[in-house]
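Listed below, chain by chain, are the residues.
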Amino acid sequence: MRGPKAFATAILLSLLAAAVPVKAQTPPVEGIQIGLSTDNVSITAGFSGADLTIFGSLENPDPLVARQGRYDVIVVLEGPPRPVVVRRKDRVLGVWVNLESETFENVPMSYSVATTRPLQDITEPNSYKQLSLGASNLYMQPADAGDNPATIEEFTAALRSRKTATGLYSENVGGVQFLSQNLFRATVRLAPNVPVGTHKARAFLFKSGVFIKESSAQLEIRKSGFEQSIFRVAHNYSFLYGVFAISLAMLTGWLGRVIFRKD
Amino acid sequence: MGIYLPIAEISVNVFVLLAMGAAVGFLSGMFGVGGGFLITPLLIFYNIPPAIAVATGANQVIASSFSGVLSHMKRGTLDFKLGGVLLAGGIVGSTGGIFVFAFLRRLGQLDLFISLLYVVLLGTVGGLMLVESVNALRATRSGAAPVLKKSGQHNWIHRLPLKMRFRASKLFVSVIPVLGLGAGIGFLSSIMGVGGGFIMVPALIYLLKVPTNVVIGTSLFQIIFTSAYTTLVHATTNQTVDVVLAFLLMAGGVAGAQYGAKAGQRLRGEQLRALLALLVLAVAIRLAIDLFVTPPNLYSLTATGLN
């Protein structure tokens, strides 16, 4: 009995909305869009880190909410996921040895966050957990879920802190700025050691602390230049590369003797 | 001037590496050793990942050994047959070493194993050399004629079967210890990134009684091939050979070696050996300290899957 009634109401509402959109009772649902000026970024060997700017817009923002600054946006640039082994050193007979380890699946190699305000001011810790949003809330999936939860927690924390220490996980509070009521600009940091591969840019919209919508785009980061060609050859034609390395050494040895010969 | 190493994936200073190559080349010219046992630890101290330092060290050793062999070939101080048998053993040992290397790397124990091996080997060789050379220095100072140890004409090694004649070395000896020595050196070469001259030379002199004049040429000859093989296998299985890094070290090395050889002619044999012993011990102690000092980060991350 309820089904058809609800259906009828929905039709009525949509008819009303179509007829008089401005005066509709239900406020239009806000949306978010982001755009990247390019879908691939080439970084050279001497890359020492950079800021990446992402533009985006809100769809159908409520002017009142916008004026009160109750819209918040979080933009994340997530690196390609990889399995990661975290190892802990312990003392054995005075020597520091890698003993315990924990493997995590699908760990983003990098994770840069830009926000309108400090994370704790935007929404509840629980909703971050649900969205797996923010370096400290990112869910790290252990390869062996049967491990001791305390150990998993310890190694998860270590993984996050090492990633943060190397600049791969970063947070840029105030990195998202509204340029107008519905246009915003996000600045995320690319670390000098940013991994190559497919990165995912995601934007999260919050209204008065409630998550509304997410939008995403893809970005390819590749390294270019002489050094990268060497890297590719070393991995794709490793035998030839080895032969080349040996020949280079012999040539250098021979040249050294020709140039500096004493006998 | 900074340069980005494509395989090590870090930025380093060109001049530091050239100077490092030149300094080690100088020492290797002075003492007549390949210098691999100095290059690899120095690279590790310079924050190059140990796996890359080892494979690149092996590559660098080829250059200095090749340059040395050319002059020994000209002087005829090289036993190709003995070198060939050593080499046959070397290939086997090196292959085994590569597997151990890849296995330890997966376990996360490679860095520790390399350091331990260095500390033990350098500590032993350095210690023995120091004792020997200090005794020799004392003997010459007190005026006594240096007593050459009467080499027992027949030790246990000379009683082994499968004897073979090596004409250039005036030697008739079983191939078992020769193959074994080659294999041992090959194993160390692939795990430590050394040519192994600092073990090979004393072993050939004291164990096999090879005449001193053909020892260095022959040792260098087999080191070229063992390190070439090691380089090739590291390049194909672990992708850890960095040619840019190796080239910088070689370029500094071949230049430094010539000046080192000149400087070496002005010092006496036992003084040289005492200095080399001190140097070897210093490297061993520095590596040993790192094993015991609390590391700044107890946790380390390794991304697996794609390398």
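Throughout this document, residue positions are counted from 1 along each chain, in the order its sequence is written. As they are written, the chains are lettered A onward and the ligands numbered 1 onward, keeping that order. For a predicted model such as this one, the threshold for reporting local features is a pLDDT of at least 70, and the threshold for listing and counting side-chain atom pairs is 80 or more; totals across whole chains, interfaces and linings nevertheless cover every residue.

Chain B goes by Probable membrane transporter protein in an unreviewed UniProt entry, where it is assigned to Mesorhizobium sangaii. UniProt positions are given in the numbering used here, feature names are shortened, and annotations may be inferred rather than shown by experiment. One UniProt comment on chain B, placed under Sequence similarities (unreviewed entry), says "Belongs to the 4-toluene sulfonate uptake permease (TSUP) (TC 2.A.102) family."

Asks: Any details on the overall build of chain A? Residues and values, ideally.
Replies: Think of it this way: any DSSP run of H or I at least four residues long counts as a helix, any run of E at least two long counts as a strand, and we number them from the N terminus. Counting its regular elements, chain A contains 7 helices and 13 strands. To assign burial, the other C-beta atoms lying within 10 Å of each residue's own C-beta are counted, with C-beta atoms placed from the backbone; 20 or more indicates buried, 12 or fewer indicates exposed, and intermediate counts indicate partly exposed. Within the span of chain A, comprising 263 residues, buried residues form 29% of the whole. This entry defines residue contacts through backbone-placed C-beta atoms, with two residues in contact when those atoms are within 7 Å. A sequence separation of at least 24 residues applies to 71% of the contacts in chain A between residues at least 6 apart.

Asks: Explain the overall build of chain B residue by residue, including any values.
Replies: Counting its secondary structure elements, chain B contains 10 helices and 5 strands. The quantity called the radius of gyration is restricted to C-alpha atoms. Its globule counterpart is 2.2 Å times the number of residues to the power 0.38. For 307 residues, the compact-globule estimate of 2.2 N^0.38 gives 19 Å, and the C-alpha radius of gyration of chain B, at 20 Å, lies within 12% of that figure. In terms of principal-axis extent, the alpha carbons of chain B reach across some 55 × 45 × 40 Å. Within chain B, the fraction of its 307 residues that count as buried is 48%. Sequence-distant contacts in chain B: of pairs separated by 6 or more residues, those separated by 24 or more amount to 80%.

Asks: Explain the UniProt feature "transmembrane region" (unreviewed entry) in chain B residue by residue, including any values.
Replies: Per the UniProt record, the feature "transmembrane region" (unreviewed entry) sits at residues 12-45, 51-70, 82-104, 110-131, 168-185 and 273-293 of chain B. As a span, residues 51-70 of chain B carries 100% helix and 0% strand, and end to end its C-alpha atoms are 30 Å apart.

Asks: Give me the lowdown on the sheet that holds strand β13 (residues 210-223) of chain A, citing residues and values where you can.
Replies: Residues and elements named next belong to chain A. When DSSP locates at least two bridges between a pair of strands, those strands are taken to pair. The strand order across the open sheet built from 6 strands is β2-β13-β12-β4-β7-β9, with neighbouring strands paired in mixed fashion. Edge positions in the open sheet fall to β2 (40-43) and β9 (169-173), since each of these has one partner strand only. Shown here is a sheet whose adjacent strand axes are inclined to one another by a mean of 20 degrees, direction ignored. Across 5 bridges, strand β7 (residues 111-115) lies against β9 in parallel orientation. Looking at the pairing, tyrosine 111 lines up with tyrosine 169 of β9. Throughout, an axis means a line fitted to C-alpha atoms (over the contacting stretch in the case of helices), and angles, computed between N-to-C directions, take values from 0 to 180 degrees.

Asks: Please give an account of the sheet that holds strand β5 (residues 81-92) of chain A that cites residues and values.
Replies: Pairing is antiparallel across the open sheet formed by 4 strands, whose spatial order is β8(A)-β6(A)-β5(A)-β5(B). With partners counted over all chains shown, the strands left at the sheet margins are β8 (141-142) of chain A together with β5 (299-303) of chain B, one partner each. As defined by bridge partners, strand β6 (residues 95-108) of chain A adjoins β8 of chain A across 2 bridges and the pair is classed as antiparallel. When the sheet's bridge partners are listed, phenylalanine 104 of chain A is paired in β8 of chain A with proline 142 of chain A.

Asks: Residue-level account of helix α6 (residues 175-192) of chain B, with values.
Replies: Think of an α-helix as turning once every 3.6 residues; residues three or four places apart then point the same way. All names here are of chain B. Along its 18 residues, α6 runs 25 Å from first to last C-alpha, staying within 8% of the 26 Å computed at 1.5 Å per residue. Within α6, the full set of buried residues consists of Val178, Leu181, Gly182, Ala183, Ile185, Gly186, Phe187, Leu188, Ser189, Ser190, Ile191 and Met192. With its phi angle positive at about 70 degrees, glycine 193 sits one or two positions after the end of α6. Expected helix span is taken as 1.5 Å per residue step, with the number of steps being one fewer than the number of residues.

Asks: So, the confidence of the model for chain A: which residues are in play, and what are the values?
Replies: Here chain A shows a mean pLDDT of 81. Residues at 70 or above account for 88%. The predictor reports its confidence for every residue as pLDDT, a score running from 0 up to 100. Throughout residues 6-24 of chain A the model reports pLDDT below 50, and contacts reaching past four residues in sequence, or to other chains, amount to 3 contacts.

Asks: Break down the packing of helix α5 (residues 110-141) of chain B against helix α10 (residues 269-292) of chain B for me, with residues and values.
Replies: Packed helices, taken two at a time, are described by the angle between their axes plus the distance between the axes. All names here are of chain B. Packing of α5 against α10 brings their axes to within 7 Å, and their N-to-C directions diverge by 150 degrees. On the basis of their axis angle, the class for α5 and α10 is roughly antiparallel. Taken as a pair, α5 and α10 cross one another with a handedness that is left-handed. Residues are grouped as follows: Ala, Val, Leu, Ile, Met, Phe, Trp, Tyr, Cys and Pro are nonpolar; Asp, Glu, Lys and Arg are charged; all remaining types, including Gly, are polar. The residue inventory of the contact of α5 with α10, partitioned by class, reads 20 nonpolar, 6 polar and 3 charged. Roughly parallel means an angle under 35 degrees; roughly antiparallel means over 145; roughly perpendicular covers 65 to 115; every other angle is labelled oblique. In a left-handed crossing the near helix is turned counterclockwise from the far helix by less than a right angle, and in a right-handed crossing that turn is clockwise.

Asks: Any chance you could break down unusual backbone geometry for me, citing the residues and the numbers?
Replies: Residues and elements named next belong to chain A. Phi at serine 132 takes a positive value of approximately 50 degrees, unusual for a residue other than glycine. Here serine 132 lies in the loop between α4 (125-131) and β8. A count of 10 C-beta atoms within 10 Å places serine 132 in the exposed class. You will see that serine 208, though not glycine, has its phi angle at about 50 degrees, which is positive. Looking at where serine 208 falls in the secondary structure, it is placed in the loop between β12 (197-207) and β13. Using a count of 12 C-beta atoms within 10 Å as the deciding quantity, one classes serine 208 as exposed.

Asks: Go over the packing of helix α3 (residues 50-75) of chain B against helix α9 (residues 243-265) of chain B with me, naming the residues and quoting the values.
Replies: Residues and elements named next belong to chain B. At their nearest, the axes of α3 and α9 sit 9 Å apart, and the two run at 30 degrees to each other. With respect to α9, the element α3 is oriented roughly parallel. When you trace α3 past α9, the crossing you get is right-handed. Between α3, through Thr56, Asn59, Gln60, Ala63, Ser64 and Ser67, and α9, the contact on the second element is made entirely by Leu245, Ala246, Leu249, Met250, Gly253, Val254 and Ala257. Class assignment for the residues of the contact of α3 with α9 results in 7 nonpolar, 6 polar and no charged.

Asks: Please give an account of helix α7 (residues 197-207) of chain B that cites residues and values.
Replies: Residue and element names in this part refer to chain B. Three or more residues of α7 are buried, namely Gly197, Phe198, Met200 and Leu204. Buried residues in α7 make contact with α2 (36-45), α5, α6 and α8 (212-237). Phi for lysine 209, located one or two positions after α7, is positive at around 55 degrees.

Asks: Could you give an account of the nonpolar core, with specific residues and numbers?
Replies: If you look at the biggest cluster of nonpolar residues, it comprises 99 residues, and the most contacted ones within it are Ala245 and Ala249 of chain A together with Ile62, Ile224, Leu245, Ala246 and Leu249 of chain B. It is α8 of chain B that contributes the most residues to this core, 13 residues altogether. Leave out the neighbours within four places in its chain, and alanine 245 of chain A touches Asn59, Thr231, Ala235, Val241, Val243 and Ala246 of chain B. Counting 42 residues, the second largest nonpolar core, distinct from the first, contains Leu52, Tyr111, Ile122 and Phe206 of chain A. Here a nonpolar core is just a set of buried residues of the types Ala, Val, Leu, Ile, Met, Phe, Trp, Tyr and Cys, joined wherever their C-beta atoms sit within 7 Å.

Asks: Kindly report on the confidence of the model for chain B, identifying the contributing residues and their values.
Replies: Residue and element names in this part refer to chain B. Scored by pLDDT, chain B comes out at a mean of 81, with 93% of its residues at no less than 70. Per-element averaging of pLDDT across chain B places strand β3 (residues 163-166) at the bottom with 76 and helix α4 (residues 80-107) at the top with 87. In this model, residues 147-152 is a region of pLDDT below 50 whose contacts with residues beyond four sequence positions or in other chains number 1 contact. As scored by the predictor, the complex reaches a pTM of 0.73 and an ipTM of 0.81.

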